[in-house]
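# Structural characterization, general
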Amino acid sequence: MVRPVKGHWQTSCLVLPILLAGCASPPPACSDMEVAKTLKTIILDEVEKGSALFATVPKAQRLMDRFAESLTFSIGNVRSDGYNRDAKTRMCQAQLTIASGADAQVHDIAYTIQRTENPGGDSMIVLDNHRAIVGPLAGARMALA
């Protein structure tokens, strides 16, 4: 999977392309399983970046890998805020639940899904305000030390 695209985003958002078939078709639905998997990847990549210095110790890296594996992500109450045909962009909102054992966090999230003009028909997801989600997870991950 491709790393997040770095651009000049003024707000707190992350972008990650997802590969899907059909370049002339609209982007996937807000509740598409690939979208949910990509949102998880976006968040875990950012948690990983936040604890990169800690991860240089091999034992710490194993603990952090187990931490990431222990998390389950689910998206519910998915809502579409509309679709822009010209831009091939779908605006979405949902509740993201991140759980580990009996503990869970629920976050209201907003994201967009847009078709790119790349050959192969991929789409790009932009997750707004990711810091509210990533911060507590990075803190929990660092507490493993």
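Residues numbered from 1 in each chain as written. Predicted model: local features only at pLDDT ≥ 70, side-chain atom pairs only at ≥ 80, totals over all residues. Heavy atoms only, no water.

## A word on the overall build of the protein
Counted only if it meets this: Helix numbering and strand numbering both begin at the N terminus, where a helix is a DSSP run of H or I of at least 4 residues and a strand a DSSP run of E of at least 2. The Shrake-Rupley method, run with a 1.4 Å probe sphere, supplies the accessible areas, and residue values consider only the shown protein chains as cover.
The helix and strand tally for the protein stands at three helices and five strands. Mapped from its N terminus to its C terminus, the protein presents α and β elements in the order β-α-α-β-β-β-β-α. A total of about 8,300 Å² of accessible surface is found on the protein, and carbon and sulfur atoms cover 55% of it.

## Considerations on the pairing of strand 5 (residues 122-128)
Heads up, the condition is: Any residue under 20% of the maximum accessible area for its type is buried, any over 50% is exposed, and the rest in between are partly exposed; the area is computed with a 1.4 Å probe on protein chains only. By definition, two strands form a pair when at least two bridges between them are found by DSSP.
Burial of strand 5 is extensive: five of the seven residues sit out of reach of the surface. Of the pairings in the sheet, the one linking strand 4 (residues 103-115) to strand 5 comprises five bridges and is antiparallel in character. Bridge pairing in strand 5 places Gln 114 opposite Met 124. Counted between consecutive antiparallel strands, the loop separating strand 4 from strand 5 contains six residues, among which Gly 120 sits at a positive phi close to 110 degrees.

## A look at the pairing of strand 4
Along any regular strand the residues' side chains alternate between the sheet's two faces. Strand direction decides the pairing type here: strand 3 (residues 89-100) and strand 4, joined by 12 bridges, are antiparallel. Within strand 4, the residue paired with Met 91 across the bridge is Thr 112. Once strand 3 ends, the chain turns through two residues before running back antiparallel as strand 4, passing Gly 101 with a positive phi of about 65 degrees.

## What to know about the nonpolar core
Rule in force here: Nonpolar cores are built from buried Ala, Val, Leu, Ile, Met, Phe, Trp, Tyr and Cys residues. Side-chain atoms within 4.5 Å join them into one set. By definition in these notes, contact holds between two residues if any of their heavy atoms fall within 4.5 Å.
Counting residues in hydrophobic clusters, the biggest one holds 24 residues, and the most contacted among them are Leu 39, Ile 43, Ile 109, Tyr 111 and Leu 137. Those elements that place two or more of their residues in this core are helix 1 (33-50), helix 2 (58-70), strand 3, strand 4, strand 5 and helix 3 (131-142). Examining the composition of this core, we find that six residues originate from one element, helix 1, more than from any other. Look past the residues within four positions of Ile 43 in its chain and what remains in contact with it is Phe 73, Leu 96, Leu 127, Ile 133, Val 134 and Leu 137.

## Observations concerning the confidence of the model for the protein
Stated precisely, the cut-off is as follows: Each residue carries a pLDDT value, the predictor's own confidence for that position, ranging from 0 to 100.
Per-residue confidence for the protein averages 77 on the pLDDT scale, and 72% of its residues sit at or above 70. Ignoring residues within four places in sequence, the model shows residues 1-12, a span with pLDDT below 50, making 22 contacts including any to other chains. For the stretch residues 19-23, pLDDT sits under 50, and the model shows 15 contacts to residues farther than four places along the chain or on other chains.

## Comments concerning the side chain of Arg 90
What counts here: N or O atoms closer than or at 3.5 Å make up a polar contact, with two conditions inside protein: a donor-capable atom paired with an acceptor-capable one, and, for residues adjacent in sequence, both atoms drawn from side chains.
Within the secondary structure, Arg 90 sits in strand 3. Separated by 2.9 Å, the side chain of Arg 90 and the backbone oxygen of Pro 27 make a polar contact.

## Re unusual backbone geometry
With phi around 50 degrees, Asn 77 is a residue other than glycine that occupies positive phi space. Relative to the elements of secondary structure, Asn 77 occurs in strand 2 (residues 72-84).

## A short note on the environment of Asp 45
Along the chain, Asp 45 turns up in helix 1. The buried category is assigned to Asp 45, whose relative accessible area is 17%. Sequence separation between Asp 45 and Val 134 is 89 residues, and the spatial gap between their C-alpha atoms is 9.4 Å.

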